Amino acid sequence: MQTAPTDSAVPGTEAAAGPLAVAEVRLTPILIADPPLLNTQGVHQPYTPRLIIEVVTADGTTGVGETYGDTRYLDLAAPLAKALPGHAVSDLNGLFTLAEQVCGDPAEVSDSVDVGGLRGVQTADKLRLSVISGFEVACLDALGKATGLPVHALLGGKVRDTVDYSAYLFYRYAEHPQGQGEADDWGAALDPAGVVAQARRFADQYGFGSFKLKGGVFPPEQEIEAIRALAAAFPGRPLRLDPNGAWSVETSLTVARELADVLEYLEDPASSTERMAQVAAGTEVPLATNMCVTTVREIEEAFRRGAVQVVLSDHHYWGGLRRTQQLAAICQAFGVGLSMHSNTHLGISLAAMTHVAATVPNLDYACDSHYPWQTEDVITERHVFTGGALTVSDRPGLGVELDRAALHTLHRRWLDDDGAMRDRDDAAAMRKADPDWRTPAVPRW
Ligand code: GKR
Ligand code: MG
């Protein structure tokens, strides 16, 4: 999917000559192995799509970025990649203007896609921002490499040397339905004992001090039991439970009451700002979200109504690292806490998450990351968690190097796929185990 350089300058963006001008953009869609992790919609596919973006400047510097790789993201990335050559990697405002020109005006495209999901309502605007974020990260990486500065320095400088992450626990099968995909040795986790065993391994292997359980899988009383078992096994450690909006207001309040003494926060117990506001009115447990506040336009109502006390930022769908900093400033102004969301991702995104996290003074909570579940990567040196944290790299750019052989292998898997896995569909994956499975309506309980 390599794109050719083009001469076409778009009004409102600075066509730049010189060493920092983009000479070439390469888009490489890949499929990465993913374990059979359960959520309220189904189970993760054996392989999930990601898109790797390479931006090459006139002086031969290459910057890398990563974002979602489903077809609808690739469809937006292709015209942006074609239009970018000739523009400076330092012109990040111009990147957004360019994206508006080539991917459609947000006023026209907003809300044209509304399929719901684990990341909140999906709008075309959010989709486009998720694509731009991968380009923004690649430009920042190139700029950092060209100037000898780490990305955190380009963002204003780090305020911490390490970034804390939380263990991301999932109910899971031992293997994928029908034996597809890559095997691992984690075994099943389908009850409190399984969840505690998984947490123990996360704590021993990576040093994580806080734990988040992906809920919405089993009836709430079973998930309450699992959190209670974690609290008993790890006394005093911060615990989070996230059913991705699967519960009614009443159920959410019951869970909040039962777990009030052990939860750091309850994440998206109910599925809309309206329901979250009702839950928040009835509990002292802080409510966090990566579903009802996912775009700027959702902030005002949620904050005014006190629907959420913690927003989980995500540079992918907020539109990049600088917009994540802007979100942080808004949260700070309104006294709302900030944490960080994660979806299945590789080391390029983890590097980007860590750089921006290092620059945000009010990042009050350990960040989520799926990374320990990913056994494959496209960077030469995997990130290593020590004491549950990552050290912020001071190397130029993101501080990671692309592993071309690995990229080629994962791209080959994407090419060889018959299309079945090129779009993540947890409900379809679940139908391999249960042919009658349908995405549950919310509230599920
Ligand atoms: O990967 O199953 C998953 C998660 O449920 C993910 O899709 C969510 O977006 O991790 C996310 C969350 O915190 O809601
Ligand atoms: Mg969540």
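What you see is a predicted model; the values in this text were computed from it and never measured.

Chemist: For empty space enclosed by the protein, give the residues involved together with the corresponding values.
Modeler: Throughout the structure, instances matching the rule amount to five cavities of 30 Å³ or more. Put simply, the largest cavity is a space of about 90 Å³. When its residues are assigned to classes, the lining of the largest cavity shows three nonpolar, eight polar and four charged. Summarising the domain contributions, the lining of the largest cavity has at least three residues from each of domain 1 (3-150 + 404-417) and domain 2 (153-391).

Chemist: Describe the sheet that holds strand β9 (residues 211-214), with residues and values.
Modeler: Ordered by their spatial adjacency, seven strands build an open sheet running β8-β9-β10-β11-β12-β13-β14, and the pairing between neighbours is parallel. The open sheet has two edge strands with one neighbour each: β8 (167-170) and β14 (337-340). Mean inter-strand twist for the sheet, computed between neighbouring axes without regard to direction, equals 25°. Two elements, β8 and β9, share four bridges in a ladder whose sense is parallel. Bridged to tyrosine 168 within β9 is lysine 212. Packed onto the sheet, helix α7 (residues 220-233) meets β8, β9, β10 (239-242) and β11 (263-267) and runs at close to 165° relative to β10.

Chemist: Break down the pattern of salt bridges for me, with residues and values.
Modeler: Counted according to the given criterion, the structure contains 27 salt bridges. With a shortest N-O distance of 3.7 Å, arginine 413 and glutamate 182 are connected by a salt bridge. You can see arginine 413 sitting in helix α14 (residues 404-416) and its partner glutamate 182 sitting in the loop between β8 and α6 (192-206), a full 231 residues away along the chain. Judged by relative accessible area, which is 39%, glutamate 182 ranks as partly exposed. Each of Lys212, Lys214, Arg240, Asp242, Glu264, Glu267 and Asp368 takes part in a single network of salt bridges with overlapping partners.

Chemist: I'd like a rundown of the coordination of the magnesium ion (ligand 2), residues and numbers included.
Modeler: For the magnesium ion (ligand 2), the full set of protein donor atoms is Asp242 (OD), Glu267 (OE) and Asn290 (OD1), and the range of their distances to it is 1.9 to 2.2 Å. Counting residues between consecutive donors of the magnesium ion (ligand 2) along the chain gives the motif D-x24-E-x22-N. Pair noted here: glutamate 267 is in strand β11 and asparagine 290 is in the loop between β12 (287-289) and α10 (296-304), with a separation of 23 residues, a long-range link. By relative accessible area, glutamate 267 is classed as buried at 0%.

Chemist: Talk me through the environment of glutamate 66; I want residue IDs and the actual numbers.
Modeler: Within the secondary structure, glutamate 66 sits in strand β6 (residues 62-68). A residue is classified by how much of its surface remains accessible, and glutamate 66, at 1% relative accessible area, is buried. A sequence separation of 19 residues divides glutamate 66 from tyrosine 47, and the C-alpha atoms of the two residues are 16 Å apart. When near neighbours in sequence (up to four residues on either side) are disregarded, glutamate 66 contacts Arg50, Leu51, Ile52, Gly134, His316, His345, Leu346, Gly347, Ile348 and Ser349. Polar side-chain contacts of glutamate 66 include one of 2.6 Å to the backbone nitrogen of leucine 346.

Chemist: So what's going on with the pairing of strand β2 (residues 22-33)? Residues and values would help.
Modeler: Across the 12 residues of β2, 11 count as buried, placing the element largely inside the fold. The pairing of β2 with strand β5 (residues 47-57) spans 11 bridges and is antiparallel. Looking at the pairing, proline 29 lines up with leucine 51 of β5.

Chemist: Tell me what's going on with the pairing of β8, and back it up with residues and numbers.
Modeler: Residues Ala167 and Leu169 point to one face of β8 and Tyr168 and Phe170 to the other, with burial holding for every one of them. Of the crossover connections in this fold, the one passing from β8 over α6 to the parallel β9 is right-handed.

Chemist: I'd love a proper account of the packing of aromatic side chains, names of residues and values included.
Modeler: Tallying each qualifying case throughout the model produces 17 aromatic pairs. Taken together, a centroid distance of 5.8 Å and an interplanar angle of 40° make the contact between phenylalanine 202 and tyrosine 206 tilted. One end of the pair is phenylalanine 202 and the other is tyrosine 206, both in helix α6 and four residues apart, which spans about a single turn. Ring geometry for tyrosine 206 and phenylalanine 385: centres 6.0 Å apart, planes at 85°, overall edge-to-face. With tyrosine 206 in helix α6 and phenylalanine 385 in the loop between α13 (347-359) and β15 (389-391), this pair connects stretches of sequence that are 179 residues apart.

Definitions and cut-offs
Residues numbered from 1 in each chain as written. Chains lettered and ligands numbered in written order. Predicted model: local features only at pLDDT ≥ 70, side-chain atom pairs only at ≥ 80, totals over all residues. Heavy atoms only, no water. 1 Å grid on protein atoms, 1.4 Å probe; cavity = no way out; pocket = protein on both sides within 12 Å on 5 of 7 lines; lining within 4 Å. Points joined across faces, edges and corners; volume = space filled by probe spheres on them. Nonpolar A, V, L, I, M, F, W, Y, C, P; charged D, E, K, R; others polar. Domains from an automatic or database assignment. Pairing = 2+ DSSP bridges. Helix = DSSP H or I, 4+ residues; strand = E, 2+ residues; numbered from the N terminus. Axes fitted to C-alpha atoms, helices over the stretch in contact; angles between N-to-C directions. Contact = heavy atoms within 4.5 Å. Salt bridge = Lys/Arg side-chain N within 4 Å of Asp/Glu carboxyl O. Buried < 20%, exposed > 50% of the residue type's maximum accessible area, 1.4 Å probe, protein only. Donors = N, O, S within 2.8 Å, 3.2 Å for Na, K, Ca; no water. Polar contact = N/O pair within 3.5 Å; in protein donor to acceptor, adjacent residues only side chain to side chain. Right-handed = clockwise from strand over helix to strand, strands pointing away. Phe/Tyr/Trp six-rings, centres within 6.5 Å; stacked < 30°, edge-to-face > 60°.

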